[in-house]
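Working through the structure, step by step
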Amino acid sequence: MNERASLGNIDGGIQVGKSAPMGGLPRRKEPISATGSALARMLRLQHSLRTFYREMGKPKVCFVLGGPGAGKGTACEFLVKKHGLAHLSAGDLLREERKRAGSTYGELIESCIVQGTIVPVEITCKLLENAMNKIMTESNGEQDKFLIDGFPRNLDNLEGWTKQMDGKTDDRIVLYLNCPLEVCEARIMERAKTSGRSDDNIEALRKRFKTYEESTKGIIEHYRGIGKVREVDSSQSKEAVGDAVSKLWSRTLAMSSSHLFLLTHYGPVLTHRTQPGDLFMLIPLALHLDNFQFSYFLCFFQVDVSVIIKWRKVLTIKRSRNAWKVCLKSG
Ligand SMILES: Nc1ncnc2c1ncn2[C@@H]1O[C@H](COP(=O)(O)OP(=O)(O)OP(=O)(O)O)[C@@H](O)[C@H]1O
Ligand SMILES: O=c1ccn([C@@H]2O[C@H](COP(=O)(O)O)[C@@H](O)[C@H]2O)c(=O)[nH]1
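Note that the structure is a prediction, hence the values are computed from the model and not measured. (Residues numbered from 1 in each chain as written. Chains lettered and ligands numbered in written order. Predicted model: local features only at pLDDT ≥ 70, side-chain atom pairs only at ≥ 80, totals over all residues. Heavy atoms only, no water.)

**A few points about the UniProt feature "binding site: CMP" (unreviewed entry) in the protein chain**
This chain's UniProt record puts "binding site: CMP" (unreviewed entry) on Asn 157. Setting aside anything within four residues of it in sequence, one finds Asn 157 in contact with Ile 118, Val 119, Val 121, Phe 151 and Pro 152. (UniProt positions renumbered as here; feature names shortened; annotations may be inferred. Contact = heavy atoms within 4.5 Å.)

Structure follows, in structure tokens:
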């Protein structure tokens, strides 16, 4: 499903964010001795679980950046088709808002687009937030992975997003499509023959290039500095770029959302990063380790079955009533 743009306007008024999937920790079966270290472990565990569930419930975001004509929209469409992600193009949302009857911001948006300058973040951010909420609501929370194309473009965007979204999203990575501006120019001039866009002409394009060089590149560098940039050479053919972004998605994004964690009083005892192609199952697990005294393990996860199989040297898995039980092998 291509969910590009056409998804909301500023008056949409839907609340952002969705609550964590679980309210709190499960009750333990046996009391633990109230020593200081046990308490410290408990608190640490509680803290990691809170963080974990807080992050789990948030929409996951991949920003897609690159010069005008670098192929952001094209790459996003590919990812939507191949991986079923939701695609929000900030530019498309602004163009949509510009033509909405009665919009307060239509003229301002048009003037920014033609001048190649950046629309104030409050407007763009609200449009993005409304569109994300619409998708999440309509999919009953199932669609929670978003490609945000062409945003954040400058410092105002970056600061505004951080402030307005206030940790409501899990901003995973920035997909940077690196393409020489001469290539971008040739592509846009070709697109201009049919696009009908008021900024697809050489005069507006030069202004957009200037804004890109002066403002957007700094944002990409900011993200690179914190290790979030994944770069693809988008001067290649559409197929090659599609392949590259798809591999990136599988290796980086899918992996980071599919850890197997077993959490205990002692903190996480087992984590594993899965490989592309692993089998995933979404099963609520109540896990017990028989040999531990206070043994409430928990998981509400994407569990990679092949990982469990690898661990079968030390663990066995039994089904007991409605729960799966993981037991240490004796001997
Ligand atoms: N790898 C590619 N090789 C050749 N042409 C491409 C490639 N990727 C995109 N194009 C073409 O270049 C034009 C611009 O692509 P696209 O709209 O995806 O870029 P964009 O980065 O989203 O642009 P903008 O920032 O202006 O919205 C389109 O006509 C598209 O078909
Ligand atoms: O976050 C954004 C995104 C876009 N704009 C304005 O829209 C045009 C066109 O954007 P495309 O991504 O090329 O569709 C851009 O030049 C800006 O004027 C914006 O202000 N903020």
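And the narrative resumes.
**Quick notes on the sheet that holds strand β4 (residues 170-178)**
The five strands are arranged β2-β3-β1-β4-β5 in an open sheet whose pairing can be described as parallel. For this open sheet the edge positions go to β2 (86-89) and β5 (229-233), each flanked by a neighbour on one side alone. Going across the sheet, the axis of each strand differs from the next one's by a mean of 25 degrees, ignoring polarity. Relative to β5, β4 is paired through five bridges, and the arrangement is parallel. Bridging from a neighbouring strand, Leu 177 pairs with Val 232 of β5. Against the sheet, helix α3 (residues 90-99) engages β2 and β3 (145-149), with an angle of about 60 degrees to β2. (Pairing = 2+ DSSP bridges. Helix = DSSP H or I, 4+ residues; strand = E, 2+ residues; numbered from the N terminus. Axes fitted to C-alpha atoms, helices over the stretch in contact; angles between N-to-C directions.)

**Notes on the environment of Arg 197**
Along the chain, Arg 197 falls in the loop between α7 (181-195) and α8 (202-225). Classification of Arg 197 as partly exposed rests on a relative accessible area of 23%. Distance from Arg 197 to Phe 151, taken between C-alpha atoms, is 19 Å for residues 46 residues apart in sequence. When near neighbours in sequence (up to four residues on either side) are disregarded, Arg 197 contacts Arg 95, Arg 191 and Arg 208. (Buried < 20%, exposed > 50% of the residue type's maximum accessible area, 1.4 Å probe, protein only.)

**Digging into the packing of aromatic side chains**
In this structure the tally under the stated criterion is four aromatic pairs. Between the aromatic rings of Phe 63 and Phe 151, the centroid separation amounts to 6.4 Å while the plane-to-plane angle is 50 degrees, which identifies the pairing as tilted. With Phe 63 in strand β1 (residues 60-66) and Phe 151 in the loop between β3 and α6 (155-165), this pair connects stretches of sequence that are 88 residues apart. Both residues of the pair, Phe 63 and Phe 151, count as buried. Relative to Tyr 223, the ring of Phe 63 lies with its centre 6.0 Å away and its plane at 35 degrees, an arrangement referred to as tilted. Of this pair, Phe 63 sits in strand β1 while Tyr 223 sits in helix α8, and the two are 160 residues apart along the sequence. Here Phe 63 matches Tyr 223 in class, with each residue buried. One aromatic cluster is present, formed by Phe 63, Phe 151, Trp 161 and Tyr 223 through successive ring pairs. (Phe/Tyr/Trp six-rings, centres within 6.5 Å; stacked < 30°, edge-to-face > 60°.)

**Notes on the UniProt feature "binding site: a ribonucleoside 5'-phosphate" (unreviewed entry) in the protein chain**
If you check UniProt for "binding site: a ribonucleoside 5'-phosphate" (unreviewed entry), the listed places come out as Arg 95, Thr 117, Ile 118, Val 119, Gly 150, Phe 151, Pro 152, Arg 153, Arg 197 and Arg 208 in our numbering. Accessibility expressed as a relative area gives 21% for Ile 118, which makes it partly exposed. Ignoring any residue separated from it by four or fewer positions in sequence, one finds Ile 118 in contact with Cys 112, Arg 153, Asn 154, Asn 157 and Thr 211. Looking at where Pro 152 falls in the secondary structure, it is placed in the loop between β3 and α6. Sequence-distant contacts of Pro 152, defined by excluding residues within four places in its chain, comprise Phe 63, Leu 65, Asn 157, Leu 158, Thr 216, Ile 219 and Tyr 223.

**What to know about the site of ligand 1**
Surveying the vicinity of ligand 1 reveals 18 residues, the closest of which are Lys 72, Thr 74, Arg 191, Arg 208 and Gln 236. Within the side chain of Lys 72, one N or O atom sits 2.8 Å away from an oxygen atom of ligand 1. Measuring from a nitrogen atom of ligand 1, one finds a side-chain N or O atom of Arg 187 at 3.3 Å. Protein contacts shield 79% of the accessible area of ligand 1, which totals 630 Å² for the unbound molecule. Broken down by secondary-structure element, the contributors of at least two residues to the shell around ligand 1 are α2 (72-83), α7 and α9 (238-256). The class makeup of the residues in the shell around ligand 1 is four nonpolar, eight polar and six charged. (Near = heavy atom within 4 Å. Polar contact = N/O pair within 3.5 Å; in protein donor to acceptor, adjacent residues only side chain to side chain. Areas by Shrake-Rupley, 256 points an atom, 1.4 Å probe, with all protein chains shown as cover. Nonpolar A, V, L, I, M, F, W, Y, C, P; charged D, E, K, R; others polar.)

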